[in-house]
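# Remarks on the overall topology
Single-letter residue listing:
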Amino acid sequence: MEVDDAPPLERKEARYTRKDEDFERRVQRYKGQQYSHLYYCRLHKLRGVLSSLVQSGFPGVPVCPILGLEDGKRCVVIGTIYKQMKLKPSILDEYAKERSKLPLATASNFMHPDDYLVLEDESGRVKLVGSVVVPSNYVTGIVIAACGAAGKDGDFFVQEIIEPEDKYVAFISGLRIGSDHCDPLQLQLLVDHLTGHLGDEQEQMLSAQVVRLIVAGNSLDMQYNLLAGQAISAKDQARLTEPVKELDLVLTQIAAAMPVDIMPGANDPANFTLPQQSLHKCLFPGASAYCTFLPATNPHRFELDGIEFLGTSGQNVDDLDKYSQAKDVLELMERSLRWRHIAPTAPDTLGCYPYTDKDPFVLDKCPHVYFCGNQRSCMSRLLTVEGKSVRAISIPRFCDSGTAVLVNLRTLDYHLLTLSTSALLDA
């Protein structure tokens, strides 16, 4: 038998740091402590979130502790729900099961029409009543804010319930205003939906949870060939400027309702090389009047509620697709994250500025959300890069799909908002 003279393989090493501190319990004797501290921490953490929602939703309405409620005075109380349930199992039921010779019937659901809700804070507790109070929709342990007034019988009559809401970031790309592919009616439906002027109550509540809109490039489709001649006629000048005016009108309506970031794309009036600089505010006199309007660069990096976003208008991934093979655009995006470079083909086949002191496309760390605009369809995948979860999303061209993408800031889940004009045209 021949002996293999090959040297033994050296096992790779990696730096390892434990971060289990939040889940480890310190070694200490049990001293009869109760779970009240856990509920207090929960209430303390969510009270700040609810307080800001109360200030914006009920300006001028005071927030009162339960012990300080006055009969008939409208106020808001913030506390933890306790659900009084008639059929809820108790420790006595468990004891009866052990002592019984015959098995006792076990319910699969413990709801009962006589169930009711009680709200607790550090000062006391009060029963919640009113048509908006639906016990079947809640469970014990939820922290809410209730707006209403205390009655003479000691109950709190609830007019509206506020819950710690989810927040969303909306993404669109490829509006291509000025092209034959752009549907003005479809675009106006998007504006009306985002600004809360369209849809039923549930859809309007979702619109109110959108905290920012990101327009990821190719908003315009201008006929730049008209600039080739020495003189431009009035008609040609109008053909060049009308798409810009229409885009400004769209952005003005949205900026009046929420913050908007607009990134330049390959077809927009910006520098060709990456990173593309922000579109000049003089192009948008209407939208620029709002402090919520922000022209951004391409690539664009930002952070919302501690969640870091990084994305492009699509040129980097489109160039990778030309010179490599992958099963989908998400694989190309994943490769760029693993390579720690979002535009590796620049400057070879992708134009970029000739930096001498840095390469701005090198990734120091992975974002939480990595998006790429102007793609054929919406695709998303939760990637794991260097032990970190990254939500990769391809944003479809709106002019072709009529689709915007909403990303949940709390869970990083996403869903699609697709708008169609076919039903309106058929009506």
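Structure report, in brief. (Residues numbered from 1 in each chain as written. Predicted model: local features only at pLDDT ≥ 70, side-chain atom pairs only at ≥ 80, totals over all residues. Heavy atoms only, no water.)

### Let's talk about unusual backbone geometry
This is how it is decided: Secondary structure elements follow DSSP: runs of H or I of four or more residues count as helices, runs of E of two or more count as strands, with numbering from the N terminus. Note on exposure labels: buried denotes an accessible area under 20% of the residue type's maximum, exposed denotes more than 50%, and partly exposed covers the range between, all computed with a 1.4 Å probe on protein chains only.
Cis geometry marks the peptide bond from Leu-274 to Pro-275, where omega comes out at -5°. In this fold, Pro-275 is placed in the loop between β8 (260-263) and β9 (293-295). Put simply, Asn-298 and Pro-299 share a cis peptide bond, and its omega is 10°. For Pro-299, the location among the structural elements is in the loop between β9 and β10 (300-304). The backbone of Asn-218 sits at a positive phi, close to 55°, despite the residue not being glycine. Structurally, Asn-218 is set in the loop between β7 (210-216) and α5 (234-255). Exposure remark for Asn-218: the relative accessible area of 11% places this residue in the buried category. Despite not being glycine, Asp-305 has its phi angle at roughly 50°, a positive value. Relative to the helices and strands, Asp-305 resides in the loop between β10 and β11 (307-312). Judged by its relative accessible area of 56%, Asp-305 is exposed.

### Let's talk about the sheet that holds strand β4 (residues 143-150)
Picture the strands of a sheet paired through backbone hydrogen bonds; they go either parallel or antiparallel. In plain terms, the rule: At least two bridges found by DSSP between two strands are what make those strands a pair. Note on definitions: angles span 0 to 180 degrees between N-to-C directions of axes, and those axes are lines fitted to C-alpha atoms, for helices only across the stretch in contact. A contact between two residues is defined here by any heavy atoms of the two lying within 4.5 Å.
Taking strand neighbours around the barrel as the criterion, the 5 strands line up as β1-β2-β3-β5-β4 in a closed arrangement whose pairing is mixed. Averaged over neighbouring strand pairs, the angle between their axes works out to 55° when direction is ignored. Here 6 bridges tie β4 to strand β5 (residues 156-162), and the two strands are oriented antiparallel to one another. Opposite Ala-145, over in β5, you have Ile-162 as the bridge partner. Along the sheet, helix α1 (residues 36-57) contacts β1 (74-84), β4 and β5; its crossing angle with β1, the most-contacted strand, is approximately 145°.

### Points about the environment of Tyr-370
Here Tyr-370 is to be found in strand β12 (residues 369-375). Residue classification places Tyr-370 among the buried residues on the basis of a relative accessible area of 1%. In this structure the C-alpha to C-alpha distance between Tyr-370 and Ser-394, which are 24 residues apart in sequence, comes to 8.6 Å. Apart from residues no more than four positions distant in its own chain, Tyr-370 is found in contact with Leu-310, Gly-311, Asn-316, Met-333, Ser-336, Leu-337, Ile-342, Val-390, Arg-391, Ala-392 and Ile-393.

### What about the nonpolar core?
Across soluble globular proteins, you tend to see nonpolar side chains buried next to one another. Put simply, the rule is: Take the buried residues of types Ala, Val, Leu, Ile, Met, Phe, Trp, Tyr and Cys, join any two whose side-chain atoms come within 4.5 Å, and each joined set is a nonpolar core.
Grouped together as the largest cluster of nonpolar side chains are 35 residues, with contacts concentrated most on Leu-213 and Leu-251. Looking at this core, the elements with two or more residues in it are β6 (168-172), α3 (184-194), β7, α5, β8 and β15 (403-408). For this core, the leading source of residues is α5, giving 7 residues. Residues Leu-330, Leu-332, Leu-363 and Ala-392 belong to the second largest nonpolar core, which totals 23 residues.

### A look at the sheet that holds β15
Read across the sheet, 6 strands follow the order β9-β8-β7-β6-β15-β16 without closing on themselves; strand pairing throughout is mixed. At either end of the open sheet lies a strand with only one pairing partner, and these are β9 and β16 (414-418). Across the sheet, the mean angle separating the axes of adjacent strands is 20° when strand polarity is ignored. Judged from the 5 bridges that link them, β15 and β16 form a sheet pairing that is antiparallel. Directly across from Thr-403, in β16, lies its bridge partner Thr-418.

### Looking at the packing of aromatic side chains
Our working definition: Any two rings among Phe, Tyr and Trp, with Trp reduced to its six-membered ring, count as a pair given centres within 6.5 Å; such a pair is stacked if its planes are under 30 degrees apart, edge-to-face if over 60, and tilted if neither.
Within this structure, the stated rule accounts for 5 aromatic pairs. For the pair Phe-171 and Phe-371, a centre-to-centre distance of 4.8 Å together with 50° between the ring planes defines the contact as tilted. Of this pair, Phe-171 sits in strand β6 while Phe-371 sits in strand β12, placing them 200 residues apart in sequence. There is no split in this pair, since Phe-171 and Phe-371 are both buried. Both rings, one in Phe-284 and one in Phe-293, keep their centres 5.5 Å apart while their planes meet at 65°; by these two values the pair is edge-to-face. Accessibility assignment for this pair places Phe-284 and Phe-293 in one class, buried.

### A few points about α3
Put simply, the test is: Any N or O atom pair separated by 3.5 Å or less is treated as a polar contact, with the protein-specific requirement of one donor-capable and one acceptor-capable atom, and with residues adjacent in sequence counted only for side-chain atom pairs.
For α3, the complete set of buried residues consists of Gln-186, Leu-187, Leu-189, Leu-190, Val-191, His-193 and Leu-194. N-cap assignment for α3: the residue whose side-chain oxygen lies 3.1 Å from the backbone N of Leu-185 is Asp-183. Downstream of α3 by a residue or two, Gly-196 has a phi angle that is positive, lying close to 85°.

### A few points about the pattern of salt bridges
What counts is decided by this rule: Salt bridges are defined by distance alone: a side-chain nitrogen of Lys or Arg within 4 Å of a carboxyl oxygen of Asp or Glu.
Counted by the stated rule, this structure contains 15 salt bridges. Salt-bridge contacts for Asp-114 lead to Lys-86; the nearest nitrogen and oxygen are separated by 3.9 Å. A residue pair is termed long-range when its members are at least 10 positions apart, and Asp-114 in the loop between α2 (91-99) and β2 (116-120) and Lys-86 in the loop between β1 and α2 qualify at 28 residues. Taking relative accessible area as the criterion, Lys-86 reaches 58% and is therefore assigned exposed.

### Here we look at α5
What counts is decided by this rule: Any helix carries an expected span of 1.5 Å times its number of residues minus one. To get the bend at any residue, fit one axis to the seven residues that end at it and another to the seven that begin at it, then take the angle between the two axes.
Here α5 contains 22 residues, and its C-alpha end-to-end distance of 31 Å stays within 8% of the 32 Å for a straight helix at 1.5 Å per residue. For α5, the principal kink sits at Thr-241 and spans about 30°; a proline, Pro-243, occurs within the next four residues. Those residues of α5 not exposed but buried are Asp-236, Leu-240, Pro-243, Val-244, Leu-247, Asp-248, Val-250, Leu-251, Thr-252, Ile-254 and Ala-255. The secondary structure elements touched by the buried residues of α5 are α3, β7, β8 and β9.

### Things to note about a negative patch on the surface
What counts is decided by this rule: Any residue with relative accessible area above 30% and no salt bridge may belong to a patch, with like charges joined within 9 Å and the nonpolar Val, Leu, Ile, Met, Phe, Trp and Tyr side chains within 5 Å. A 1.4 Å probe and the Shrake-Rupley method give the accessible areas. Residues count as covered only by the protein chains that appear here. Neither His nor the chain ends contribute to the count of charged residues, in which Lys and Arg are positive and Asp and Glu negative. Where a charge sits is defined by one atom per residue type, namely NZ (Lys), CZ (Arg), CG (Asp) or CD (Glu).
A surface patch of negative charge is lined by Glu-160, Asp-200, Glu-201 and Glu-203. Relative to the helices and strands, Asp-200 resides in the loop between α3 and α4 (201-208). Since its relative accessible area comes to 44%, Asp-200 is described here as partly exposed.

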